[in-house]
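Structural description and commentary
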Amino acid sequence: MMTAEASSVDPRASILLVDDMEDNLVALEAVLGSLNEPLVRARSGEEAMKALLRRRFAVVLLDIRMPGMDGFETATNIKRLDQTKDVPIIFLTGTDADAGYAFRGYATGAADYLTKPFDPWVLRAKVTVFLDLHRKNQQLERLLAQEQKQFDALAARMDSLERNLAQHPDTEVRALRHDMVRMEETLRAMRRP
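Here's what I pulled together on the structure shown here. Just so it is clear, the structure is predicted and the values come from calculations on it, not from any experiment.

Turning our attention to the environment of R188. Looking at the element boundaries, R188 is found in helix 7 (residues 171–191). Between the C-alpha atom of R188 and that of A155, which follows or precedes it by 33 residues, the distance is 9.5 Å.

Right, here's the structure in full:
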């Protein structure tokens, strides 16, 4: 279950950097610092999972080769959890990586795959796309929450009117009650996917 902090809508889009090598984390921070978004470090797959359960991230940059839980296992765990399954993952690995790594990375649910040394402009551009998508998703969540509030308020008002109308037995009131029931059914139909 997500914590209150993780489930709240944060206007800033955090980026999770996962690598066991300090130099690589420093390089990622240097490349992505100009985006002015929070950069969160994790030095292992285990640390990454803990960070993902504490807050929401727009994107995860994930090294493949790490001791303990490697990048593939970490990605698999990320994709298994309901609250993290939609977080995009960009795999990062050294140039001497096995040719099958890219296929395996995409098979575990990665959105992209880059080899080190990577072009800073390309990495920044790819991360920017995911930041924009994250912001659009947050905007959609806010709109849906507002719509839900309006729907709930309308449903409560209709329930109140229904209770008031139930106390009046004349024919005209019954016709109004019937119309309200149809309106309520229409509202419920609108809510169905």
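Once the structure has been displayed, the description carries forward.
Strand order in the open sheet formed by five strands is 2-1-3-4-5, and the pairing between neighbours is parallel. Both edges of this open sheet fall to strand 2 (39–42) and strand 5 (112–116), since each of them pairs with a single strand only. Mean inter-strand twist for the sheet, computed between neighbouring axes without regard to direction, equals 20°. Contacting strand 3 (59–63) and strand 4 (89–94), helix 4 (residues 71–80) crosses the sheet at an angle of about 175° to strand 4.

Applying the stated rule across the entire model yields ten salt bridges. Between E141 and R56 there is a salt bridge, and its shortest N-O distance comes to 2.9 Å. One end of the pair, E141, is in helix 6 (residues 120–166); the other, R56, is in the loop between helix 3 (45–54) and strand 3, and 85 residues separate them in sequence. Residue E141 is classed as partly exposed on the basis of its relative accessible area, which comes to 31%. When its relative accessible area of 23% is taken as the criterion, R56 is described as partly exposed. Here K85 makes a salt bridge to D82, at a shortest N to O gap of 3.8 Å. Using a relative accessible area of 37% as the deciding quantity, one classes K85 as partly exposed. The exposed category is assigned to D82, whose relative accessible area is 61%. Residues participating in the shared-partner salt-bridge network are E22, E29, R41 and R43.

Before going further, it helps to examine the layout of surface pockets. Approximately 320 Å³ is the volume attributed to the largest pocket. In terms of lining, the largest pocket is formed by 18 residues, of which the most central are R56, F57, D86, V87 and H134. The biggest single contributor to the lining of the largest pocket is helix 6, with five residues.

Basis of the calculations
Residues numbered from 1 in each chain as written. Predicted model: local features only at pLDDT ≥ 70, side-chain atom pairs only at ≥ 80, totals over all residues. Heavy atoms only, no water. Helix = DSSP H or I, 4+ residues; strand = E, 2+ residues; numbered from the N terminus. Pairing = 2+ DSSP bridges. Axes fitted to C-alpha atoms, helices over the stretch in contact; angles between N-to-C directions. Contact = heavy atoms within 4.5 Å. Salt bridge = Lys/Arg side-chain N within 4 Å of Asp/Glu carboxyl O. Buried < 20%, exposed > 50% of the residue type's maximum accessible area, 1.4 Å probe, protein only. 1 Å grid on protein atoms, 1.4 Å probe; cavity = no way out; pocket = protein on both sides within 12 Å on 5 of 7 lines; lining within 4 Å. Points joined across faces, edges and corners; volume = space filled by probe spheres on them.

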